[in-house]
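# Working through the structure, step by step
So you can see what is in the structure, the chains are spelled out below.
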Amino acid sequence: MVRRRGTILILATGGTIAGVGEIGKSTVYRPGKLTADELISEIPEINNIAPLETMQICNVNSDDITADIWLELASIINREAKDDNVKGFVITHGTDTLEETAYFLNLAVKTKKSVIITGSMRPATSISADGPMNLYQAVCAAASRETEGQGVLAVFADRIYSARSVTKTSTYQLTAISAGRMGAIGVIRDGKVYMYETTNKAHTNKSEFDVSKLDRLPKVSILYFHVDASPELLKYAAEHSDGLVIAGAGAGEFSLIYGDMIRTLNVPVVVSSRVDDGLITSDMLRVEETIAANNLSPQKAAVLLRLALTVTNDTEKIREMFLKY
Ligand code: ASP
């Protein structure tokens, strides 16, 4: 079958946007039940935007997304982007880990074509479900010239966010996918896309990470510091991981005994913060050998560390990557 010019590929992975449950209810449902074709059949207007093609990658709660699925998504996008008839991509995804998939793809796909990720907070069977509008707007964004070359973008509740900044900020509000204090970089109204800002960080074609030959990603564990946090868990995690991220208190801090244990570990350790507006710079590190996450959240820092470890184990080089991406 020859594709029509301007085709948007919808890559569906599941989540609440594909969720089905008790009619009218927002909380009683099972995510990842409807297929991509069923989702678009609920929005007839979506076919007026562009020719659409769907691919069902998986149909899971996004907490069951794995690095294998990330690698498959990256490989499909990198392959299909070479087709001149493909204009862009929309990924439907659960909101819990949407930010991690967005940031991974932002660093792993090599295309200037539009790549948009979206989801919903209410299942398809709830009153006033937000999935149809989010999907409609995501397709509008993917069909727009404005989103080309901007890296992976998230579209949610009328707003457009960069993959690096997007995060889940509420467990129930319709605007849960946002970017905290970093804000949106564009908006969508009645299908029209208005982009206002671009990201300053390297992504897609400017990213050095080539995942095309990988069949697995290095394993990284996140350790959450709290009063009386056990240093023994650090030791255990380091023995079972290729790298660690610490969700430190305040500006990436932890107890003296935690620091003593970190000094004994022989895997790279990135220090982030459990505070949602956290910024850790190299001069603030309590343990010299560690790597500052800058303003990446622990979960985003883990994504970047996994990719960094595909290239190097060198602390200085990884530090540079945490400033570049
Ligand atoms: N647990 C769901 C998921 O991440 C939540 C959602 O999609 O909003 O798949």
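Anything mentioned here points back to the structure above.
A few points on the structure. (Residues numbered from 1 in each chain as written. Predicted model: local features only at pLDDT ≥ 70, side-chain atom pairs only at ≥ 80, totals over all residues. Heavy atoms only, no water.)

Here the focus is the environment of Ser221. By the element assignment, Ser221 lies in strand 13 (residues 220-224). Distance from Ser221 to Arg306, taken between C-alpha atoms, is 9.7 Å for residues 85 residues apart in sequence. Among all residues touching Ser221, those that are not within four sequence positions of it are Ala237, Ser241, Gly243, Leu244 and Val245. (Helix = DSSP H or I, 4+ residues; strand = E, 2+ residues; numbered from the N terminus. Contact = heavy atoms within 4.5 Å.)

Spatially, 8 strands are ordered 4-1-5-6-7-8-11-12 in an open sheet, and the strand pairing comes out mixed. The open sheet has two edge strands, strand 4 (52-60) and strand 12 (192-195), and neither has a second partner. Direction aside, neighbouring strands of the sheet carry axes that sit 25 degrees apart on average. The pairing of strand 8 (residues 159-162) with strand 11 (residues 186-189) spans 2 bridges and is classified as antiparallel. Looking at strand 11, one finds that Arg159 is bridged to Val187. Each of strand 1 (7-14), strand 4, strand 5 (86-92) and strand 6 (114-118) is contacted by helix 2 (residues 67-80), which is oriented at about 170 degrees to strand 4, the strand it contacts most. Packed on one face of the sheet, helix 4 (residues 131-143) meets strand 1, strand 4, strand 5, strand 6, strand 7 (152-156), strand 11 and strand 12 and runs near 150 degrees to strand 5. (Pairing = 2+ DSSP bridges. Axes fitted to C-alpha atoms, helices over the stretch in contact; angles between N-to-C directions.)

Helical geometry note: an α-helix holds 3.6 residues per turn, so side chains three or four residues apart project in the same direction. Listing the buried residues of helix 5 (residues 231-239) in full gives Pro231, Leu234, Ala237 and Ala238. For helix 5, the angular spread of buried residues about the axis comes to 115 degrees, placing them on one side. Turned more than 90 degrees from where helix 5 packs its buried face, Leu233, Tyr236 and Glu239 sit exposed. Buried positions along helix 5 lie against strand 13, strand 14 (243-248) and helix 6 (256-264). (Buried < 20%, exposed > 50% of the residue type's maximum accessible area, 1.4 Å probe, protein only. Arc of directions from axis to C-beta.)

Further remarks concern the packing of helix 5 against helix 6. The interhelical angle for the contact between helix 5 and helix 6, taken along N-to-C directions, is 20 degrees, at an axis separation of 9 Å. Here helix 5 is positioned roughly parallel relative to helix 6, judged by the angle of their axes. For the crossing formed where helix 5 meets helix 6, the hand is right-handed. Facing helix 5, whose interface residues are Pro231, Glu232, Leu234 and Lys235, helix 6 presents Ile257, Tyr258, Met261 and Ile262. Its residues placed into classes, the contact of helix 5 with helix 6 shows 6 nonpolar, no polar and 2 charged. (Parallel < 35°, antiparallel > 145°, perpendicular 65-115°, else oblique. Left-handed = near helix turned anticlockwise from the far one by under 90°. Nonpolar A, V, L, I, M, F, W, Y, C, P; charged D, E, K, R; others polar.)

Turning our attention to the site of the ligand. Every residue close to the ligand is listed here: Gly15, Thr16, Asn61, Ser62, Asp63, Gly94, Thr95, Asp96 and Ser120. Between the ligand and Thr16 there is a distance of 2.9 Å, counted from an oxygen atom to a side-chain nitrogen or oxygen. Between the ligand and the protein, one listed contact pairs a nitrogen atom with a side-chain N or O atom of Asn61 at 2.7 Å. Class assignment of the residues belonging to the shell around the ligand gives a composition of no nonpolar, 7 polar and 2 charged. (Near = heavy atom within 4 Å. Polar contact = N/O pair within 3.5 Å; in protein donor to acceptor, adjacent residues only side chain to side chain.)

A sheet is described by the order of its strands in space; here 4 strands give the open sequence 13-14-15-16, paired in parallel fashion. Only two strands of the sheet have a single partner each, and these edge strands are strand 13 and strand 16 (291-292). Summarising the sheet, strand 13 and strand 14 pair through 5 bridges and their orientation is parallel. Counted as the bridge partner of Tyr224 is Ala247 from strand 14.

Okay, the pattern of salt bridges next. Taken as a whole, this structure holds 15 salt bridges when the rule is applied. For Glu80, the salt bridge goes to Arg3, with nearest N and O atoms at 2.8 Å. In this pair, Glu80 is assigned in helix 2 and Arg3 in the segment before strand 1, connecting sequence segments 77 residues apart. Grouping residues by exposure puts Glu80 and Arg3 together as buried. Between Arg181 and Asp276 there is a salt bridge; the shortest N-O distance is 3.3 Å. In this pair, Arg181 sits in the loop between strand 10 (177-178) and strand 11 while Asp276 sits in the loop between strand 15 (269-273) and strand 16, placing the two residues 95 residues apart along the sequence. (Salt bridge = Lys/Arg side-chain N within 4 Å of Asp/Glu carboxyl O.)

Interpretation note: all reported values are geometric properties and have no functional meaning in isolation.
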